[in-house]
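Chain residues, written in single-letter form:
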Amino acid sequence: MPSLNEKFTARVRALSSEGNGIVGHPGGQVFFVPGVWLGEEGEFRITGFKGRFGYAVLETLFEASPQRLLPPCPHQGSAKGQCGGCAWQFVSYEAQLAAKDSRVRQALAPLVRDECIRPVWGSAAVFGYRNRAQLKTDGQVVGFVSPGSRDLAAVDDCLILTDKNRATLKAIVAMLPNQHFVPRNKQDWTTIDIDEEVSADSLALNQRRPFRQGNTGQNSRMQAWLAERLGKCDKNTPVLELFAGSGNFTEVIAAAGFDRILAVEGSSEATELLNARQLPGVETLVSNLFNENAFDTLRSKMPDAGIVVLDPPRDGLKYGAKLLHKKHRVRDIFYISCDLATFTRDVQVFADRGFSVAELQPLDLFPHTPHVELLAHLQR
């Protein structure tokens, strides 16, 4: 049996959904290793176990991938004190997109015809794209949390942030040490949310900013994708939008000309922002979509919905079966997903009720991370 701190030699045979390399111990046990790429060979040291799997770190790299490169960010890494936010920054962008494309196709092979899956849309900006971030501070340093720990990785710059956000970060660093940033009530740290509308002299500690998609350029492509497909639909069809937020996709639906749109969101604050936009044809409803009883209310509010647009958080549409009740009239579903696993689960539920994926467009919202966004059109 493998033991803690044991070293062994192996080749990376796959990548996990979290972006770690998967290697096999000579004894047969599988280990997850950060900071390595497909096909690389090295010596690994075992750092822990969890059930049938284990964790290891790279000690010596014997054979590097031709896609490996030197990360431009000095804070990038997977060790204590390093920032793991850009876990894939050590390989070429082309390799990152290829890995995401492969993962999507493998996961959805049983449910989606390969010809319906489009090539991943890469981001025009692979640095300077991130329009929001949550920083953490203990009053002495500011940064992000090191992978697999409760330790802060202190940073003085972040290459993926937009110019505005980089300037805000640097201004915050210049304010340290700072007694106002010291955590209260036994918290590990104080959070500082920043975006394009925040500056260092207007910080609100431990308060979340309104949600927005983190890559403005890619969000515009997502909106355009939805607009093009909705443009081909009958504008007299009632539209039910789930997880509407403050209207990122609601504005697309309204601009397409639909006159009956029910936008459902669990956050009253987000709904207030959406209502303030006064979009034509839009009625809003505050409802917890992770409560199965919510769908009875939706059915009574809009029993004749023919189009569903949804952009859920990582948990996906937990009660998809409740949405598609026996007498539903839904013909088209436009599903924007940020989690491949829950998307796959939900597509299976839709498939069991007569829907199939007509088109799936993967999109890279966050370069240098394993994350992949999915834009899907399902039809019955």
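Residues numbered from 1 in each chain as written. Predicted model: local features only at pLDDT ≥ 70, side-chain atom pairs only at ≥ 80, totals over all residues. Heavy atoms only, no water.

## Brief notes about the packing of aromatic side chains
Then, in step 1: A full pass over the atoms with the stated rule returns 12 aromatic pairs.
Then, in step 2: The interplanar angle of 80 degrees and the centroid separation of 6.3 Å between the aromatic rings of Trp-225 and Phe-334 together place this pair among those described as edge-to-face. Separated by 109 residues along the polypeptide, Trp-225 in helix H3 (residues 216-230) and Phe-334 in strand S15 (residues 332-337) bring together distant segments of the chain.
Then, in step 3: Exposure remark for Phe-334: the relative accessible area of 0% places this residue in the buried category.
Then, in step 4: On the numbers, 5.1 Å between centres and 70 degrees between planes, the contact of Tyr-335 with Phe-343 is edge-to-face. (Phe/Tyr/Trp six-rings, centres within 6.5 Å; stacked < 30°, edge-to-face > 60°. Helix = DSSP H or I, 4+ residues; strand = E, 2+ residues; numbered from the N terminus. Buried < 20%, exposed > 50% of the residue type's maximum accessible area, 1.4 Å probe, protein only.)

## Let's talk about the pattern of salt bridges
Should their charged atoms come close, side chains of opposite charge can pair.
Then, in step 1: Tallied over the full model, the rule gives 26 salt bridges.
Then, in step 2: In this structure, Glu-359 engages Arg-229 in a salt bridge whose closest nitrogen and oxygen atoms are separated by 2.7 Å. On the criterion of sequence distance, the pair formed by Glu-359 in strand S16 (residues 356-363) and Arg-229 in helix H3 is long-range, its members being 130 residues apart. The residues Glu-359 and Arg-229 share a single accessibility class, namely buried.
Then, in step 3: Among the ionic contacts, a cluster of salt bridges with common partners joins Arg-118, Glu-228, Arg-229 and Glu-359. (Salt bridge = Lys/Arg side-chain N within 4 Å of Asp/Glu carboxyl O.)

## Quick notes on the sheet that holds strand S5 (residues 41-50)
Then, in step 1: Taken in spatial order, the 6 strands make up an open sheet running S1-S5-S6-S4-S3-S2, and their pairing is mixed. Either end of the sheet is taken by a strand with one partner, and the two such strands are strand S1 (7-11) and strand S2 (14-15).
Then, in step 2: Relative to strand S4 (residues 30-33), strand S3 (residues 21-24) is paired through 4 bridges, and the arrangement is antiparallel. Paired with Gly-21 across the bridge in S4 is Val-33. (Pairing = 2+ DSSP bridges.)

## A look at the sheet that holds strand S7 (residues 132-137)
Then, in step 1: What the 4 strands build is an open sheet, ordered S9-S8-S7-S10; its pairing is antiparallel. Lying at the two open borders of the sheet, with one neighbouring strand each, are strand S9 (152-154) and strand S10 (190-195). Neighbour to neighbour, the strand axes of the sheet diverge by 50 degrees on average, direction disregarded.
Then, in step 2: Across 6 bridges, the pairing between S7 and S10 is antiparallel. Within S10, the residue paired with Thr-137 across the bridge is Thr-190.
Then, in step 3: Sheet strands in contact with helix H2 (residues 163-173) are S7, strand S8 (142-145) and S10, and its direction is about 150 degrees off that of S10. (Axes fitted to C-alpha atoms, helices over the stretch in contact; angles between N-to-C directions. Contact = heavy atoms within 4.5 Å.)

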